[in-house]
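Single-letter residue listing:
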There are 2 protein chains.
Amino acid sequence: MNILIKNADILPLTGEGGPLENAEVAVENSVIRYIGRVPKDFTAEKVIDAKGGILMPGLIDAHTHVAMSLLRNYADDLPLMEWLRTRVWPVEEKLVREDVYWGSLLGAAELIKSGVTCFSDMYFFMEETARAVEEAGIRAVLARGLVDSDGSGDSRIEEAKNLYESWHNGAGGRIRVMVGPHAPYTCSPEYLARAIELAKGLGVGIHIHVSESAYEVEESFKKYGKSPVRHLHDLGMFDVPTVAAHCVHLSDEDVDILAENSVAAVYNPTSNLKLANGFAPVKKMQEKGIHVALGTDGPSSNNNLNMFEEIHLAAIINKGVNHDATSVPAFAAVKMATVNGAKALGMDKEIGSIEIGKKADLIIIDTNKPHFCPKHSIVSAMAYSAQAADVKTVIVNGEIVMEDYEIKTIDIERIMFEAERAARGLAKR
Amino acid sequence: MNILIKNADILPLTGEGGPLENAEVAVENSVIRYIGRVPKDFTAEKVIDAKGGILMPGLIDAHTHVAMSLLRNYADDLPLMEWLRTRVWPVEEKLVREDVYWGSLLGAAELIKSGVTCFSDMYFFMEETARAVEEAGIRAVLARGLVDSDGSGDSRIEEAKNLYESWHNGAGGRIRVMVGPHAPYTCSPEYLARAIELAKGLGVGIHIHVSESAYEVEESFKKYGKSPVRHLHDLGMFDVPTVAAHCVHLSDEDVDILAENSVAAVYNPTSNLKLANGFAPVKKMQEKGIHVALGTDGPSSNNNLNMFEEIHLAAIINKGVNHDATSVPAFAAVKMATVNGAKALGMDKEIGSIEIGKKADLIIIDTNKPHFCPKHSIVSAMAYSAQAADVKTVIVNGEIVMEDYEIKTIDIERIMFEAERAARGLAKR
């Protein structure tokens, strides 16, 4: 679609670049064609007046499990392993294909409403999530979660292959597929080796949970005599582009290994705090040159898909932890949720900033509200004042997915009804 | 006003009481008259259908400086003392009476939109804040900030007396006045003693900053050979009901002193993290029986007045700090922002929960949104999923202040225009 966006204050997220005031952006088909001044002869099918708003790149949620929205507010205030073993896993065993479809649509709706234009997900029945992504008009990187500790390792590898065959570059190029070994503590070394081979064979990256809890690290030392990071490295995983979610309990050596191998770390502040896993060493990772991305994790350990909360947390928590009020300044926090997310997913040539030639994944924040007044700094406002509900308009791949707070692609009322029904059914099954 | 609220899921915040489903509440004049079933002969001037919403007590922001909204996003990513000395104080010297009026109205508008029905404030030109409170229809506890380190101690004491004379129990009983010595590091011991005498004489409480930064504690030991808490205690301050904001750097002895003297502590998680002051010992304070309340602090160190963010932070941060996912569960976090706030301000007989005979300070949260679906736990939803922007309707003292997201009492567009103009003027002055 050809779209002209007028009267926007633009936060392009390029370099250390500040905002462009009162500018225009033109979108041609799926791509950003002009920024600043648009030639008079540009023919727009749609003109959006962004007056009083900020135009910025869509946010990237680099680690989540959107279908877990069905378990939102279902089990809280419990430690990670107890939460997984006594609450989450027993319910997940009962999940059927259709549940994942409705849960994924619910998650997609919430992500769009929160200004997220691309998310990276690992779960099961992933074809259902792919269908939801196709219908919702959002962008996603999907991985079938691979686990062999329960004896179903082979069939899952098959499912991962099928997901790739059916959906890689699908939905008009909005879907990519990765290989998703769940974690070093749920996959044997042999199985991890198979996942690595699969990723190499398909030419795609790996998405994995790494060093989320202290318990996991202890177990790794007991079983393998080394940390989860060192273990994965020794298995050759990092020869493949790897997205390592969580990275909370890292030694200095672990950080060095991740940095030297250009492993992308995804920071999930809400989830890490809520499950009492602790504080990821963001400063240390950044100092070693790791581009830390941001994620919500699943909505059952969060309990929402609100990337503005994660940006806010990234900006304030590290100041407290490092006793340094200059740590993770506003611009760095917003970068985590945009540019760094794109880098983590190997898509920084395509998305993550507003640049000519990049995909038009754009959001408009409505700043005509008391909590944005007065307008001293747009960047500070995005990190410290904004709420997800301030997102007014969302464009993905050059298509308008939400306009004036209304989602255009999917029927939210129907989705909430079906998701509620799925959750009730699940409880009775 | 007589109001009937129908079809509400009620979170009364009484005891450990769970929600009441599909219930009614009747408000007669300024007071809650019926809960659950309302007699058929109750005559309502106004009926509110709360279907799909949660009715809960209005939130209480127990420590803020609302007029500092003019400095929102003006100076960020700086340490406390540098931020105060090089950025905040120089601008504050230029503030005129009218700035504080518009800043206070801007703050009141944001608070109402965020579901806050009562706030506790310390600043200067407080008659202007009182005027704003009267016009906005919100409830407030106001204190003239007292400082003698700049030689203006006497006139400030006079202003505090005048504020009491003019506004205590003013605005239809919505305003109370406290005495507000700024902090042990900006007030001499003699001046603190005068503030204590003034509070005793007027029969009101004290609102003061206590042990916000490590620097402040070090200085106290250098100057007085004891901690700020011990110093205030030895001066006799805690004979007066005292609201101690921040309480970040407390020794075990400090916690004991606060507990033994029933001092109310106000936790300001965003501000404490953003200014790199650290993590208040919430668990320790709670274990000793201190009812910890919550506050936003001023919007220039936050940078908003969003109590839902503070609830969220209170619930998740303490889990991370204490390595305990059961620390500050959802219900405890919501209590901090309601019941405990009322206790801190000495108003728990009047506000803080939904009980017959209490003042009708009520809010309705619109949960017909993807991030509240499915509806597993209302309490978890309030702590972990909600945003300030979900507040749909606000009642203060039995009057409808906001209905269907629209503030009824004040003109937001005009306020934002004037606040923006005041901020620009300030920068040029």
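We now turn to the structure provided with this report. Numbers given for residues are sequential positions, taken from 1 along each chain in its written order. Following the order in which they are written, the chains are lettered starting with A and the ligands numbered starting with 1. Under the rules for a predicted model, residues below a pLDDT of 70 receive no local features and side-chain atom pairs below 80 are neither given nor counted, while totals for whole chains, interfaces and linings still include all residues. Hydrogen atoms and water are omitted, and side-chain values are computed over all heavy atoms in the structure.

Space inside and on the surface of the protein is sampled on a 1 Å grid over the protein atoms alone, with a cavity defined as a set of points where a 1.4 Å probe fits but cannot get out and a pocket as an open set with protein on both sides within 12 Å along at least 5 of 7 lines; lining residues have an atom within 4 Å of a point. Grid points are joined across faces, edges and corners, and a volume is the space filled by probe spheres set on the points. In total, this model carries three cavities of 30 Å³ or more according to the counting rule given. Taken as a whole, the largest cavity holds about 140 Å³ of empty space. Amino acids are sorted into nonpolar (Ala, Val, Leu, Ile, Met, Phe, Trp, Tyr, Cys and Pro), charged (Asp, Glu, Lys and Arg) and polar (every other residue, Gly among them). Looking at the lining of the largest cavity residue by residue, the class counts come to eight nonpolar, six polar and two charged. Considered as a void within the structure, the second largest cavity measures approximately 60 Å³ in volume. Lining the second largest cavity are A:Leu70, A:Leu71, A:Tyr74, A:Val91, A:Lys94, A:Ala423, A:Leu426, A:Ala427 and B:His376. Those elements giving two or more residues to the lining of the second largest cavity turn out to be α1 (80-94) and α16 (412-428) of chain A. The helix and strand labels rest on DSSP assignments: H or I over at least four residues marks a helix, E over at least two residues marks a strand, and numbering proceeds from the N terminus.

Another point: the packing of aromatic side chains. Residue and element names in this part refer to chain A. Ring geometry is summarised as follows: Phe, Tyr and Trp rings, the Trp one being its six-membered ring, pair when their centres sit within 6.5 Å, and such pairs are stacked at plane angles under 30 degrees, edge-to-face over 60 and tilted between the two. The final tally for this structure, using the stated rule, is nine aromatic pairs over all chains. When the ring of phenylalanine 124 is compared with that of phenylalanine 125, the centres are 5.6 Å apart and the planes differ by 65 degrees; the resulting orientation is edge-to-face. Burial status follows relative accessibility: with a 1.4 Å probe on protein chains alone, a residue under 20% of its type maximum counts as buried, one over 50% as exposed, and anything between as partly exposed. Looking at phenylalanine 124, the relative accessible area reads 16%, which means it is buried. Here the aromatic cluster, defined as three or more aromatic residues joined through ring pairs, consists of Tyr123, Phe124 and Phe125. Its end group placed over the ring of tyrosine 101, arginine 131 keeps NZ or CZ at 4.0 Å from the ring centre. The rule is short: NZ of Lys or CZ of Arg within 6 Å of the ring centre and within 35 degrees of the ring normal puts a charge over the ring.

Interface size, as often reported, equals the accessible area lost upon joining of the parts. If you look at the interface, chain B gives 64 residues, while chain A gives 63 residues. At the boundary of chain B with chain A, total buried surface from both sides reaches about 4900 Å², with 60% on carbon and sulfur atoms. Should a side-chain nitrogen of Lys or Arg be within 4 Å of a carboxyl oxygen of Asp or Glu, the pair is scored as a salt bridge. Inspection of the region where chain B meets chain A yields two salt bridges. Measuring nitrogen to oxygen at the nearest pair gives 3.1 Å for the salt bridge that ties A:Asp77 to B:Lys319. Under the rule applied, a polar contact is a pair of N or O atoms within 3.5 Å (in protein, one hydrogen donor and one hydrogen acceptor; residues adjacent in sequence only if both atoms are side-chain atoms). The tally of links between chain B and chain A comes to 34 residue pairs in polar contact (both at pLDDT 80 or more). The dominant element in the side of chain B that touches chain A, judged by the number of residues it contributes, is helix α12 (residues 307-322) of chain B, at eight residues. Only heavy atoms enter the contact rule, under which two residues are in contact if any of them lie within 4.5 Å. Accessible area that two parts lose when put together, evaluated with a 1.4 Å probe and summed over both, is termed the buried area.

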